Amino acid sequence: MDIVKIKDLTYKYPIGDENVLKDVNLTIEKGKLYALVGSNGSGKTTLCNVIRGFIPHFHHGELKGEVLIYDKDIREYELGELALKIGFVFQNPYTQISGVKDTVFEEIAYGLENLGVEVETIRQKVAEVIQLLGIEYLQDKNPQELSGGQKQRVALASIIVMEPDILVIDEPTSQLDPQGTEEVFKIIEIMKQKGKTIILVEHKIELIAEYADHVVLLQDGEIVTQGKTKDILSDERAMNYGVPLPQYAILGIEMKKKGINLQQIPLTENESVAVMRSWLATKGVKV
Ligand SMILES: Nc1ncnc2c1ncn2[C@@H]1O[C@H](COP(=O)(O)OP(=O)(O)O)[C@@H](O)[C@H]1O
Ligand SMILES: [Mg+2]
């Protein structure tokens, strides 16, 4: 099922005279993870804001073309109605923490509280999410006193507790160290397994290789290429648009150029091992 359908979308902010998105066509299938990649200023955040209805509901500007969420035009939704279907996680976890709650448990409960959900139901849902994400040890802490990675996980929990079908996550790890990054991706993995549809802006290409089903590459507001992760990230042309390839893919491409006939270009460590093994097997070497 296609959850988001964008047809011939062109968008210009109220301030600024250039189109920031140009002729964008994109279909988002249910349950898949789409990685939006491209250099700074290529329009990734703007596209996220279109998908969550922030454009045109908050930023007006000039929108041409069609954006359908569950086959209904984005302009026909109330912003609140969209917010229930689409959870949005910011780049900076500090801006996502409310600052008015004393414990992580209350912080995660905040959104449901604002919706007027019954207290007992809130308690139950918050406890479930805390357990699902494995952050029990954070629940009594003050949100202000958490590390960046912990804050980002709490920010994700406070969105996930609202049970949106779609998660739009804009550079969740850009301010995090490797450990914080790994913790955030564990949550993304859990959400994938739960069948959520995820739109993720992320620069760490090795993680995209590992988790994304599809890659959408933007440059200057245009989608220059899109497709299955294994096709986009094994093609050197991505590098022309400022997107690096995974180290394993670069090695595979170089080996092929030197006449080593690999079955496929590997993207991850596991794929590399498998590809090397089967190549060695063709040479009669068993490892
Ligand atoms: N609120 C805004 N008003 C006017 N121009 C904007 C606004 N936000 C972003 N832009 C411009 O739109 C282009 C795309 O920005 P953005 O979507 O933030 O790119 P990315 O997330 O890929 O870095 C940039 O040229 C940026 O300067
Ligand atoms: Mg951005």
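Here we take up the pattern of salt bridges. On inspection of all chains with the given rule, the structure shows 15 salt bridges. Between lysine 32 and glutamate 29 there is a salt bridge; the shortest N-O distance is 3.9 Å. In this structure lysine 32 comes out as partly exposed when scored by relative accessible area, which is 28%. You can call glutamate 29 partly exposed: its relative accessible area is 31%. When the shortest N-O distance is used, the salt bridge between arginine 123 and glutamate 120 registers 3.1 Å. Of this pair, arginine 123 and glutamate 120 both sit in helix α6 (residues 119–133), three residues apart, roughly one helical turn.

A few words now on the side chain of serine 42. Examined against the element boundaries, serine 42 turns out to sit in the loop between β3 (33–37) and α1 (44–51). Under the relative-accessibility criterion, serine 42 is labelled buried at 1%. Within polar-contact distance, the side chain of serine 42 engages the backbone oxygen of serine 39 at 2.7 Å. Those residues within four positions of serine 42 in sequence are excluded, and the remaining contacts are Val20, Leu218, Gln219, Asp220 and Gly221.

Let us look at the domain arrangement of the protein. A common way to state how big an interface is: give the accessible area lost once the parts meet. Considered domain by domain, the protein is made up of domain 1 (2–235) and domain 2 (246–287). Once you take the C-alpha centre of each, domain 1 and domain 2 turn out to be 34 Å apart. Contacts between the two partners involve eight residues from domain 1 and, on the opposite side, eight residues from domain 2. Linking domain 1 with domain 2 are zero salt bridges, by the criterion used here. Viewed at the interface, domain 2 and domain 1 are joined by one residue pair in polar contact (both at pLDDT 80 or more). Elements with a minimum of two residues in the side of domain 1 that touches domain 2: α9 (205–211) and α10 (229–232). Top contributing element to the side of domain 1 that touches domain 2 by residue count: α9, with four residues.

Conventions adopted
- Residues numbered from 1 in each chain as written.
- Chains lettered and ligands numbered in written order.
- Predicted model: local features only at pLDDT ≥ 70, side-chain atom pairs only at ≥ 80, totals over all residues.
- Heavy atoms only, no water.
- Salt bridge = Lys/Arg side-chain N within 4 Å of Asp/Glu carboxyl O.
- Buried < 20%, exposed > 50% of the residue type's maximum accessible area, 1.4 Å probe, protein only.
- Helix = DSSP H or I, 4+ residues; strand = E, 2+ residues; numbered from the N terminus.
- Polar contact = N/O pair within 3.5 Å; in protein donor to acceptor, adjacent residues only side chain to side chain.
- Contact = heavy atoms within 4.5 Å.
- Domains from an automatic or database assignment.

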